[in-house]
Amino acid sequence: MNFETYPDRPGFKGDSETGREAADAMKECSGRYRRMALDLVKQRQAQGILPEEAADLTGVPRTTLQPRFSELRAQGLIVDSGMRRRNPSSGKKAVVWVLPQYAPRQDAGSEA
């Protein structure tokens with residue numbers, strides 16, 4: 001793994017100077033927050049967790065944790081469970097993240 005590039009390091013979109021600065025500011029602590037998010041996903045097993053739920057449990061701002069879930073997904077450490085739950089703050093449905101072992105099974109008829 002190259003720990004200097006996304007998803008092992010915080011990323012940003014486009015040529016945004018502010019995005020680059022924000023990613024650089026998270027460089028030192030993003031690993032700790034990724035581990036925190038992954039630990040919560042592991043604890044929840046098949047029930048999974050929303051980033052907003054993780055933020056509520058840890059007291060870490062959602063805006064800090066949400067990108068860590070994206071990084072974990074890009075690393076293949078977590079997957080979309082196929083379930084959706086409502087975020088407590090907005091009432092909008094969001095992806096419930098789980099470990100790959102709890103991922104929905106692929107259709108048995110789609111063998112290669």
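Below, the structure is looked at part by part. (Residues numbered from 1 in each chain as written. Predicted model: local features only at pLDDT ≥ 70, side-chain atom pairs only at ≥ 80, totals over all residues. Heavy atoms only, no water.)

**Considerations on the overall build of the chain**
Tallying secondary structure elements over the chain gives four helices and two strands in all. Scanning the chain from its N terminus toward the C terminus, one meets helices and strands in the order α-α-α-α-β-β. Buried positions account for 35% of the 112 residues belonging to the chain. Pairs at least 24 residues apart make up 51% of the contacts formed inside the chain by residues separated by at least 6 positions. Total accessible area computed for the chain in this model is approximately 7,300 Å², and 49% of it derives from carbon and sulfur atoms. (Helix = DSSP H or I, 4+ residues; strand = E, 2+ residues; numbered from the N terminus. Buried < 20%, exposed > 50% of the residue type's maximum accessible area, 1.4 Å probe, protein only. Contact = heavy atoms within 4.5 Å. Areas by Shrake-Rupley, 256 points an atom, 1.4 Å probe, with all protein chains shown as cover.)

**Comments concerning the pattern of salt bridges**
Inspection of the entire model under this criterion finds five salt bridges. Asp 80 serves as the salt-bridge partner of Arg 84, at 2.9 Å between the closest nitrogen and oxygen. Under the relative-accessibility criterion, Arg 84 is labelled partly exposed at 40%. Among the charged side chains, a salt-bridge network with shared partners connects Arg 34, Arg 68 and Glu 71. (Salt bridge = Lys/Arg side-chain N within 4 Å of Asp/Glu carboxyl O.)

**Considerations on the side chain of Arg 34**
Looking at the element boundaries, Arg 34 is found in helix α2 (residues 30-44). A polar contact is formed between the side chain of Arg 34 and the side chain of Glu 71, at a distance of 2.6 Å. (Polar contact = N/O pair within 3.5 Å; in protein donor to acceptor, adjacent residues only side chain to side chain.)

**Structural notes on helix α4 (residues 62-74)**
The terminal C-alpha atoms of α4, which comprises 13 residues, lie 18 Å apart, in line with the 18 Å expected from a rise of 1.5 Å per residue. All of the buried residues along α4 are Thr 64, Leu 65, Arg 68, Phe 69, Glu 71 and Leu 72. Viewed end-on, α4 has its buried residues packed into an arc of 160 degrees, placing them on one side of the element. Taken from the residues just after α4, Gly 76 is the one with a positive phi, measuring 80 degrees. (Expected span 1.5 Å × (residues − 1). Arc of directions from axis to C-beta.)

**Section: the packing of aromatic side chains**
Evaluated as defined, the whole model comprises zero aromatic pairs. The cationic tip of Arg 32 hangs over the ring face of Tyr 33; the distance from NZ or CZ to the ring centre is 4.6 Å. (Phe/Tyr/Trp six-rings, centres within 6.5 Å; stacked < 30°, edge-to-face > 60°. Lys NZ or Arg CZ within 6 Å of the ring centre and 35° of its normal.)

**What about the packing of α2 against α4?**
Between α2 and α4, whose axes approach to 9 Å, the crossing angle comes to 75 degrees. Looking at the two axes, α2 sits roughly perpendicular to α4. Here α2 contributes Ser 30, Tyr 33, Arg 34, Ala 37, Leu 38 and Val 41 to the contact with α4, which in turn contributes Thr 64, Leu 65, Arg 68, Phe 69, Glu 71 and Leu 72. When the residues that make up the contact of α2 with α4 are grouped by side-chain class, the tally is seven nonpolar, two polar and three charged. (Axes fitted to C-alpha atoms, helices over the stretch in contact; angles between N-to-C directions. Parallel < 35°, antiparallel > 145°, perpendicular 65-115°, else oblique. Nonpolar A, V, L, I, M, F, W, Y, C, P; charged D, E, K, R; others polar.)

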